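Architecture at a glance
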Amino acid sequence: MTIAEYLASRLRDHGVRRFFGIPGGPSIPYMEAFRKKGIEFILTSHESAAAVMADVTARLTGVTGVCHSTFGPGATNLSTGVGGALLDRSPLLALTSEMPDEWLKRTAQMNIDHQALYRPITKSTFRLSEENAATVLSEALEIANAEYPGPVHIGLPSDIHGRTAVETTIKREKLTEAAADLSSEKVRVLIASSRRPLLAVGLTAVRHGLSENLKTFLETHSVPVVVTPMAKGIVPEDNPCYAGVLFHAMSGRLQKLVREADLIIGIGYDPVEYNYESWMPDVPLVHFDTVMSDIPGRGSLRIVSPPEKWFGMLEPLRSSPGMVSLAGEIRSGMAVTLAGMTRGFGPVTALRILREELPANAVVTSDVGSHLHLLGQMWDASAPGKLVMTNGWSSMGFGLPAAIAAAMCCRDVPVVCITGDGGMMMNAGEMMTARRYGMKVIVVVLADGELNLIRLKQSWKAVDSYGVNLYSGTLFGSDRFLGVKVVHVRDADKMRKAVSEALLSDSSVILEVAVDPAEYGDLVVRV
Ligand SMILES: Cc1ncc(C[n+]2csc(CCOP(=O)(O)OP(=O)(O)O)c2C)c(N)n1
């Protein structure tokens, strides 16, 4: 087998069915080999979107995502999405074309050092050769999927695709050994003696499918719970123990509960989303994780073990009924505040109508900005994975390619992207990707004409609004964008009608929803 055929064959056996990118000349033999093996090449408008699509494909299918770019500018474009896979913990292979050995250190068009470029934003980076192909592929897939999952880069020298891959026997040390429980005895004592514990659940718990374990645990133990944004949906919003999402809109109110706690228990809590120090009171922390992560040392005890063991250790935990009532009060207080936001046509009304019109199984992706802060707290996500976002990396431009990837993975449910106008403009070219592949996405652009989150931050610093206005007039100024229908929404009635019509449409629709952003100022927390 040639190197290109070998790569295609290994990835197909691994379960890969698509790879995303923009080709250069050296990509052609790989695209051909992949095509012949049944791995479809998805052409995007920008390589960063290709990496986001590979990341989201991995999150939704559980199979390593694959993306590809050419030399230099292709590789730098791709890197934004690859960094996202690192900090949002998504297993991904980034394949880039590299110069042949004799050109690596020479001055040449498009030539930069991809190994150096990718080192800080991947778990590992390799350069493929006919001798190492078998080992590199095995290691790359293993590293990408080991805890925490993330991206691995493989450079493909442009002259090796036709060479014969040498099969080698692979003898390697196991890469990760689950560390022993480091402080089990002390943890047992803390758990047994706590009277007012608070659970903080994060994205590692979602990745390990702990939703049912958590629900069962809460039924019998009645302990209040807060979640990080990317763990949204792991507890149903109407669970009496559920208090809300940390970091997002109105989350300052959770402090009332947090201050009452005598013990914080992190369950798959990944500090990449929101460091403990940013919200924790001065009480002990017990942190359950799959790896040794960066958590505060003082007063914290960590258990690094397989997630299926975690709830067993929490068995003796009991909470005072007062803590759960407090969680309920905070939750209903948030609902009252949102229900009272009826002046004019703002993002709260727009999102409420959208939620009412969409079926519970819809997959929603979000971009980054004030709208995400609001959505993260107010959106009723029926299950984890129903609200797809980036919070570890927080890159604008994520929402649209994420939605297109979701539409490819979840064929029979509506897929909606919610984005600000700033984020929409970053990857707007991907509307053509949706059109090219016949993917239907409903894109809801909360068009406020500004980078609202940054304007808010300027106001908190008592600085005049500067450098954050995006346009005057309307965003699209037209009823079509790259051949996709644009519906202009200015009020609640039109919003409802536009969403229900978009759901019935056969193709993608963009709703340009002109909102008054004033509500964000009352909801987004100063963090
Ligand atoms: C790639 C990237 N650049 C800049 C930022 C910093 N940033 C965070 S939110 C934001 C404003 C987003 O504006 P918009 O998309 O219009 O959403 P809104 O805040 O108005 O809801 C910016 C510039 C970022 N997170 N990612």
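Below is a summary of the structure that appears in this document. (Residues numbered from 1 in each chain as written. Predicted model: local features only at pLDDT ≥ 70, side-chain atom pairs only at ≥ 80, totals over all residues. Heavy atoms only, no water.)

**Description of the packing of helix α13 (residues 347-357) against helix α14 (residues 370-378)**
Closest axis-to-axis distance for the α13/α14 pair is 11 Å, and the angle between their directions is 45 degrees. Considered as vectors, α13 and α14 are oriented oblique to each other. By crossing handedness, the relation of α13 to α14 is classed as right-handed. Contacts from Pro347, Val348, Leu351 and Arg352 of α13 reach α14 at Leu374, Leu375 and Met378. Across the contact of α13 with α14, the residue classes break down as six nonpolar, no polar and one charged. (Axes fitted to C-alpha atoms, helices over the stretch in contact; angles between N-to-C directions. Helix = DSSP H or I, 4+ residues; strand = E, 2+ residues; numbered from the N terminus. Parallel < 35°, antiparallel > 145°, perpendicular 65-115°, else oblique. Left-handed = near helix turned anticlockwise from the far one by under 90°. Contact = heavy atoms within 4.5 Å. Nonpolar A, V, L, I, M, F, W, Y, C, P; charged D, E, K, R; others polar.)

**Considering the nonpolar core**
If you look at soluble globular proteins, the nonpolar side chains tend to sit buried side by side. Counting residues in hydrophobic clusters, the biggest one holds 68 residues, and the most contacted among them are Trp279, Leu354, Ile418, Val444, Met495, Leu511 and Val513. Here this core gets six residues from one element, more than from any other, and that element is helix α12 (residues 321-339). Those residues in contact with Val513 that sit more than four places away from it in its chain are Phe345, Ala350, Val444, Val445, Leu446, Ala447, Val489 and Met495. Core analysis: the second largest hydrophobic core is formed by 46 residues, Val82, Val363, Ala407 and Cys410 among them. (Core = buried A, V, L, I, M, F, W, Y, C linked by side-chain atoms within 4.5 Å. Buried < 20%, exposed > 50% of the residue type's maximum accessible area, 1.4 Å probe, protein only.)

**Re the sheet that holds strand β7 (residues 197-201)**
As summarised here, the arrangement of the six strands in space is β9-β8-β7-β10-β11-β12, forming an open sheet in which the pairing is parallel. Where the open sheet ends on each side, the last strands, each with one partner, are β9 (242-245) and β12 (300-304). Mean inter-strand twist for the sheet, computed between neighbouring axes without regard to direction, equals 20 degrees. Examined bridge by bridge, strand β8 (residues 225-227) and β9 share three bridges and lie parallel to one another. Bridge pairing in β9 links Val225 to Tyr242. Helix-sheet contacts for α12 involve β7 and β9, and the interaxial angle to β9 is about 50 degrees. (Pairing = 2+ DSSP bridges.)

**Some remarks on the side chain of Asp421**
Among the secondary structure elements, Asp421 is positioned in helix α16 (residues 421-426). A polar side-chain atom of Asp421 sits 2.9 Å from the main-chain amide nitrogen of Asp448. Setting aside anything within four residues of it in sequence, one finds Asp421 in contact with Val445, Leu446, Ala447, Asp448, Gly449, Glu450, Leu470, Tyr471 and Leu475. (Polar contact = N/O pair within 3.5 Å; in protein donor to acceptor, adjacent residues only side chain to side chain.)

**Structural notes on the site of the ligand**
In the vicinity of the ligand, 18 residues are found, and the nearest of them are Ser370, His371, Ser394, Gly422 and Gly423. Between Gly422 and the ligand, the recorded distance is 3.0 Å, taken from a backbone N or O atom to an oxygen atom. In the complex, the protein chains occlude 79% of the 590 Å² of accessible area that the ligand would expose alone. The set of elements that each furnish at least two residues to the shell around the ligand consists of α14, α16 and α18 (452-460). For the shell around the ligand, the leading source of residues is α16, giving four residues. Looking at the shell around the ligand, its residues break down into six nonpolar, nine polar and three charged. (Near = heavy atom within 4 Å. Areas by Shrake-Rupley, 256 points an atom, 1.4 Å probe, with all protein chains shown as cover.)

**Description of the sheet that holds strand β15 (residues 415-420)**
What the seven strands build is an open sheet, ordered β14-β13-β15-β16-β19-β18-β17; its pairing is mixed. What marks the edges here is a single partner per strand, and that holds for β14 (387-388) and β17 (480-481). The pairing of strand β16 (residues 442-447) with strand β19 (residues 509-514) spans six bridges and is classified as parallel. If you follow Leu446 over to β19, its bridge partner there is Val513. Contacts from α13 reach β15, β16 and β19, with the element oriented near 165 degrees to β16.

**Quick notes on the pairing of strand β3 (residues 65-69)**
Of all five residues in β3, five are buried; the element is thus mostly enclosed. Because side chains alternate across β3, one face comprises the buried residues Gly65, Cys67 and Ser69, and the other comprises Val66 and His68, equally buried. One ladder, built from two bridges, connects strand β1 (residues 18-21) with β3; its direction is parallel. The residue of β3 that forms the bridge with Gly21 is His68. Here β3 pairs with strand β4 (residues 92-98) via five bridges, running parallel. Bridge pairing links Ser69 to Thr96 in β4. Tracing the backbone out of β3, into helix α4 (residues 72-87) and back to the parallel element β4 gives a crossover that is right-handed. (Right-handed = clockwise from strand over helix to strand, strands pointing away.)

**Considerations on unusual backbone geometry**
Positive phi outside glycine occurs at Ser222, with the angle close to 45 degrees. Among the secondary structure elements, Ser222 is positioned in the loop between α9 (211-221) and β8. Positive phi, close to 50 degrees, is recorded for Leu482, a residue that is not glycine. Overall, the relative accessible area of 34% leaves Leu482 in the partly exposed class.

**Remarks on the packing of aromatic side chains**
Summed over all chains, the structure comprises nine aromatic pairs. Judged by centre distance (4.4 Å) and plane angle (45 degrees), the ring pair of Phe19 and Phe34 falls under tilted. Taken together, the residues span a long stretch of sequence, with Phe19 in strand β1 and Phe34 in helix α2 (residues 28-36) at a distance of 15 residues. Comparing Phe19 with Phe34 shows no difference in burial state: the two are buried. With a centroid separation of 5.4 Å and 50 degrees between ring planes, the pair formed by Phe217 and Phe311 is classed as tilted. With Phe217 in helix α9 and Phe311 in helix α11 (residues 310-313), this residue pair connects regions lying 94 residues apart in the sequence. Accessibility classification places Phe217 together with Phe311 in one group, the buried group. (Phe/Tyr/Trp six-rings, centres within 6.5 Å; stacked < 30°, edge-to-face > 60°.)

**Points about the pattern of salt bridges**
Tallied over the entire structure, the rule returns 19 salt bridges. The closest approach of N and O atoms between Arg496 and Glu356, which form a salt bridge, is 2.9 Å. In this pair, Arg496 sits in helix α19 (residues 492-504) while Glu356 sits in helix α13, placing the two residues 140 residues apart along the sequence. Here the residues in one salt-bridge network are Glu32, Arg35 and Lys36, joined through shared partners. (Salt bridge = Lys/Arg side-chain N within 4 Å of Asp/Glu carboxyl O.)

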